[in-house]
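So you can see what is in the structure, the chains are spelled out below.
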Amino acid sequence: MERVRKDFNGVRALEDVTFAVPRGALVGVIGPSGAGKTTAISLFTGNLVPTRGVVRTLGEEPLRLRRRTRERIGLMPQRFTLYPELTTSENVDFFASLFGLLAWRRRRRTREALQLVELWGVRNRMTAKLSGGMQRRLQLACALVHEPELLILDEPTAGLDPLLRQGVWRELIQQRERGRTVVVTTQYVVDAEHCDLVALIADGRLLAFGPPRDLRRMALGGEVVQVEVDGAWHGDELEALAGVRHLHRIPPGRFWVVVDNAGEVTPAVVETVRRVGVEVVSVREYRPSFDEIFAALVHRDREGQEVGGAAAPAAFLLRP
Amino acid sequence: MLKAATRAFAVVGKELLVVLRRPSALATLVVGPVVILAVFGLSYTGQPPIRAMLVVPAASGLPTDARAYDLNQPGVLQIVGTQSTLASARQALAAGDADIIVAAPDNAVQQLLHGKQVAIQIEYDTVNPYQHAVISRLAEPLAARVNEKIVGQIVAMAGSQVSSSNKPDPNLIAAPTRAETRDLAPTEPKLIAFYGVAVLALIVQHLGLTLGALSMNGDRRLGMLALLRVAPISALELITGKYVAFVILTGAITGALVMLMTRAMGVPMLAPVGSVTALLLLLILASVGLGLVLSLVTSSESQVIQLALLALLASVFFGGLAIDLSQFAPPLQAAAQFLPVTEATRLGQDLFLRGVATEPWRFGALAAMAAGLTIVALVLLRQELMRRR
């Protein structure tokens, strides 16, 4: 999607969002509830039309997707959209039929899809009697049953316990490894870890788009080496090192060294501290959680700072 | 082609299972109509006969045996007895033992001989317009029968003064002619048969309409439309699947109802099975179409249920079941023709009770309704699937 804006009755849901999903990638659209994630992926499926901007799905305008193109898409909506009166396997079979799978292949694929999400054992159970986690997995099986090239999943892990969430992500990674393109929304920022690319969205704005490692750099302005010493030292020698972009002092005796590459700079940092005769307590790369990264990026965005620029990391990341 | 059939049959199977797996819905759909029809057939006894109490004063010289005044209208009129005074007859009326009093005058013959017209007093006490109409219609022949007895009395008196071997029968002079009526219809008119067919048409229409109406709303409520918009199923395949499923369901229930009607309730079915099947199929198609259209022009389940109930009420009042259509103003009569049940009731009564359709154009009207509603439903569904925000 390119420079997309979406308004609902005058209320802006998305503002100037641009990102592209490469074929075969696992892309996470991540942000808090109400950020605009579902709106974004509903534009890909054609369930919504942009107020402004251009959206293409598999090279076609989503509103006019050809039947053959639609056969290549698997969708898992956010809300539970299966028939509670049908059994687990009947629901999957129904979706397989909707996508035109003929009898023999449909039977095979229904079994495979249910085995994949570990629901084959409850294939004859009424869907209404499945637990919430099972229902989410069943919905996933319905989206997968026709072996789509593009999987669009809206909050597949919502409401699942950590173990089930891990299971779903394992499944999505497997799908990606089978060559499928997966676009998935989630409000769990930590899930960014599993994605090849992450689109961070908040308040309808795309805060950042890139690989998870790059997001960390964007949030911190680079990589961070955390130094703690015992003794009085101002740390000016660190600032002069090659590859160091910023130095943040957190008295007493703590420093954040923002560098281009922590792996390359860390030995020089250790050497410098020893050279000035101060006792080193610890030197380690600081890897903030994605929750912290997300919070930092939102903070930056709200303060009007350029994300990924050379500005200092958000102040709250520098807490002792 | 094979894929299209697969998609349409997926919808057929899904719709059948969704309905059959809901015990309450199944009970409402299958048991409900059968019970309604059975209760109707087994408990409807029709209008009870009007009970007449005759007042024959002792001095009148008229026969006091109630059987002498019998009009031979079993089921319509029953003469429950005679009283000698109007007061005692009024007591019977007040006690609910009679519906009408027909009182012969005290001295009718004397008054007539003096050139005066005498009055036969008729009294009844009802606020029911239907009973009022029936009593009014019966009052005249009852009075005529009393008249006949008075005239017979006068003729007998006159005849006693004539010395002739060919003395005419006074009763014959009093009533020289009688009406002989013959109904040319192939079956005897019976309320159960006549209204049973109308009730069948009403139940079938309501079934088809409800199934069609709730189906699309069910998909909408589940959020299925978002998936259907992305899935490669067309509006035509979707609607074909729904039609086939509901025709199967409604058809099966209709078959059971027809069996119940013809076997248990004794309603004759004179037309060939093919004609009746064609009629019921057209009715089902039109009803399902109407239901689908209603569901597509509404946005919630409560709205569609309200509209389905309104359609049911309109069908009861303007479909010719409760009140004959001829009793309404011409514009409403014309409007009522747009209800599938109106055409189906007329055709059904003809096919079941006469064996032929006396107004075959109604087949065309019903077919046009079925086709028109299908096209409208298809267009609306296509719009619904194309609708984007």
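Residues numbered from 1 in each chain as written. Chains lettered and ligands numbered in written order. Predicted model: local features only at pLDDT ≥ 70, side-chain atom pairs only at ≥ 80, totals over all residues. Heavy atoms only, no water.

### Digging into helix α1 (residues 37–45) of chain A
Quick reminder: α-helices carry 3.6 residues per turn. Residues three or four places apart thus point the same way. Residues and elements named next belong to chain A. Across the nine residues of α1, eight count as buried, placing the element largely inside the fold. Inspection of α1 places Lys 37, Thr 39, Ala 40, Ile 41, Ser 42, Leu 43, Phe 44 and Thr 45 among the buried residues, and these make up the whole buried set. Looking one or two places after α1, you find Gly 46, whose phi comes out positive at around 90 degrees. (Buried < 20%, exposed > 50% of the residue type's maximum accessible area, 1.4 Å probe, protein only. Helix = DSSP H or I, 4+ residues; strand = E, 2+ residues; numbered from the N terminus.)

### Quick notes on empty space enclosed by the protein
The tally for this structure, following the rule as stated, stands at three cavities of 30 Å³ or more. The computed volume of the largest cavity comes to approximately 90 Å³. Sorting the residues of the lining of the largest cavity by element identifies β5 (73–76), α3 (88–98) and α5 (132–144) of chain A together with α8 (224–230) of chain B as the ones contributing at least two each. For the lining of the largest cavity, the residue count by class is ten nonpolar, three polar and no charged. In this structure, the second largest cavity spans a volume of roughly 60 Å³. Contributing to the lining of the second largest cavity are Arg 213, Arg 216, Arg 217, Leu 220, Gly 222, Glu 223, Val 224, Glu 285, Tyr 286 and Arg 287 of chain A. Listing elements by their share of the lining of the second largest cavity, those giving two or more residues are α7 (212–220), β10 (223–230) and β13 (279–286) of chain A. If you tally residues by element for the lining of the second largest cavity, the top one is α7 of chain A, at four residues. (1 Å grid on protein atoms, 1.4 Å probe; cavity = no way out; pocket = protein on both sides within 12 Å on 5 of 7 lines; lining within 4 Å. Points joined across faces, edges and corners; volume = space filled by probe spheres on them. Nonpolar A, V, L, I, M, F, W, Y, C, P; charged D, E, K, R; others polar.)

### Digging into the pattern of salt bridges
By the definition in use, this model includes 40 salt bridges over all chains. For Arg 213 of chain A, the salt bridge identified is with Glu 223 of chain A, shortest N-O distance 2.5 Å. A residue pair is termed long-range when its members are at least 10 positions apart, and Arg 213 of chain A in helix α7 and Glu 223 of chain A in strand β10 qualify at ten residues. The shortest N-O distance in the salt bridge between Arg 51 of chain B and Asp 99 of chain B comes to 2.9 Å. One end of the pair, Arg 51 of chain B, is in strand β1 (residues 50–55); the other, Asp 99 of chain B, is in the loop between α3 (86–94) and β3 (100–103), with 48 residues separating them in the sequence. By relative accessible area, which is 26% here, Arg 51 of chain B ends up partly exposed. (Salt bridge = Lys/Arg side-chain N within 4 Å of Asp/Glu carboxyl O.)

### Quick look at the packing of α3 of chain A against α5 of chain A
Residues and elements named next belong to chain A. It is at 8 Å that the axes of α3 and α5 come closest, and there the two elements cross at 30 degrees. It follows from the interaxial angle that α3 and α5 lie roughly parallel. For α3 against α5, the interelement crossing comes out right-handed. Between α3 and α5, the residues in contact are Thr 88, Asn 91, Val 92 and Phe 95 and Leu 138, Ala 141 and Cys 142, respectively. Among the residues forming the contact of α3 with α5, the class breakdown is five nonpolar, two polar and no charged. (Axes fitted to C-alpha atoms, helices over the stretch in contact; angles between N-to-C directions. Parallel < 35°, antiparallel > 145°, perpendicular 65-115°, else oblique. Left-handed = near helix turned anticlockwise from the far one by under 90°. Contact = heavy atoms within 4.5 Å.)

### Looking at the packing of aromatic side chains
If you walk through the whole model with that rule in mind, you get eight aromatic pairs over all chains. Taking the centre distance of 5.3 Å and the plane angle of 65 degrees together, the rings of Trp 233 of chain A and Phe 255 of chain A count as edge-to-face. A residue pair is termed long-range when its members are at least 10 positions apart, and Trp 233 of chain A in the loop between β10 and α8 (236–239) and Phe 255 of chain A in strand β12 (residues 254–259) qualify at 22 residues. Comparing Trp 233 of chain A with Phe 255 of chain A shows no difference in burial state: the two are buried. Aromatic pair Phe 194 of chain B and Tyr 195 of chain B: ring centres 5.2 Å apart, planes at 85 degrees, arrangement edge-to-face. Against the face of Tyr 188 of chain A rests Arg 165 of chain A, its NZ or CZ located 3.6 Å from the ring centre. In this structure, Arg 216 of chain A is placed above the aromatic ring of Phe 290 of chain A, and the distance from its NZ or CZ to the ring centre is 5.1 Å. (Phe/Tyr/Trp six-rings, centres within 6.5 Å; stacked < 30°, edge-to-face > 60°. Lys NZ or Arg CZ within 6 Å of the ring centre and 35° of its normal.)

Geometric descriptors of this kind do not, in isolation, establish any biological role.
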